[in-house]
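What follows is each chain in one-letter form.
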Amino acid sequence: MTGRRTPAARAGRATTLIVAGLGGLVFVAVLVYAVLTALKPSSEVLSVPLRWLPTKFAWENVTLPFTETPFARYFLNSTVVGISVTLLNVLTCTAAGFSFAKFRYRGRDAAFMIVLATLMIPVEIIYVPLYSLVYSLGWVDSFAGLIVPAGTSAFGIFLMRQAIGNVPDELLEAARLDGAGDLRTLVSIVAPVVKGPMAALALFIFMLNWDSHLWPLLVASDDDHRTLPVGLAAMQANNLGSAAVPMMLVAALLAALPTVLLFVTLQRRFVEGVTMSAGIR
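Residues numbered from 1 in each chain as written. Predicted model: local features only at pLDDT ≥ 70, side-chain atom pairs only at ≥ 80, totals over all residues. Heavy atoms only, no water.

(A) Main features of the overall build of the protein. Assigned secondary structure in the protein consists of 13 helices and zero strands. Taken from the N to the C terminus, the helices and strands of the protein come in the order α-α-α-α-α-α-α-α-α-α-α-α-α. For 281 residues, the compact-globule estimate of 2.2 N^0.38 gives 19 Å, and the C-alpha radius of gyration of the protein, at 24 Å, exceeds that figure by more than 25%. Overall, the C-alpha framework of the protein stretches about 70 × 70 × 35 Å when taken along its three principal axes. In the protein, buried positions account for 34% of the 281 residues. Counting contacts in the protein only where the partners sit at least 6 residues apart, residues at least 24 apart contribute 74% of the total. Surface accessibility of the protein: about 16500 Å² in total, with carbon and sulfur atoms responsible for 69%. Separation between the mean location of the 20 positive side-chain charges and that of the 16 negative ones in the protein comes to 14 Å. (Helix = DSSP H or I, 4+ residues; strand = E, 2+ residues; numbered from the N terminus. Rg over C-alpha atoms; globule rule 2.2 N^0.38 Å. Buried < 20%, exposed > 50% of the residue type's maximum accessible area, 1.4 Å probe, protein only. Contact = heavy atoms within 4.5 Å. Areas by Shrake-Rupley, 256 points an atom, 1.4 Å probe, with all protein chains shown as cover. Lys, Arg positive; Asp, Glu negative; His and termini not counted. Charge placed at Lys NZ, Arg CZ, Asp CG, Glu CD.)

Below you can see the structure in the form of structure tokens.
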């Protein structure tokens, strides 16, 4: 019969499920061990033989990053920078994608090719001239230096251009016949249709910015502007041996929490956005 799988196909599917299951178990085991170790007394962290469960749960470890280091400030800085950069990217990339997808003007395709070409350039190459520009503007050790240079992305423009290109032109024509201008058409017609790709872009950008280390390290050298990756590295550099392991694990778990929650919240929109941008119905 047509719908019946061959033995080779069934074996391949079973192998895939087994490998995926084993990978998932390894990930869960590492996560569980990290959580349990974060709640161990410091004397049991490096005990031999290895112990999974602590003899006594040290719940006071949860507050160590906040009492021993400026972790709360690092977390707030990352939140402000991450949300600001994400909003800027969604706005600028959606507007640019709308322009490239639905407008006809001289040089449009050439400009889009230049945008795509920048994806081939490692971002580290532009850090020296970019830092020089930020320094000349007086944005070192400021939120402007952390936010503005990351306010748009070539990948985001490409993603939104592909998504908006799938929006029927008839919708835009109907809006223009009703007297809507380009901005109103974008906000009222296009944006609701591409909410999925916008959510996918927001997730991509937030995760990328939340984990960014090199650029914040260059432009933010004080605790008032340090983001979490830089702050965690500073905390590790000032560690106290095994006594600091629970504190660092608590800090790392708390730092990972926002991206996990955001992914769980936007998971459905993320899948919809990727499939729409790829032209999959």
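Now, onward.
(B) Seen up close, helix α12 (residues 228–237). Among the ten residues that make up α12, seven are buried, leaving the element largely enclosed by the rest of the structure. Along α12, the residues that are buried comprise L228, P229, V230, G231, L232, A234 and M235.

(C) Fine view of the side chain of S142. Within the element layout of this structure, S142 appears in the loop between α5 (127–136) and α6 (143–147). Judged by its relative accessible area of 16%, S142 falls in the buried class. A distance of 3.3 Å separates the side chain of S142 from the backbone nitrogen of G145, its partner in a polar contact. (Polar contact = N/O pair within 3.5 Å; in protein donor to acceptor, adjacent residues only side chain to side chain.)

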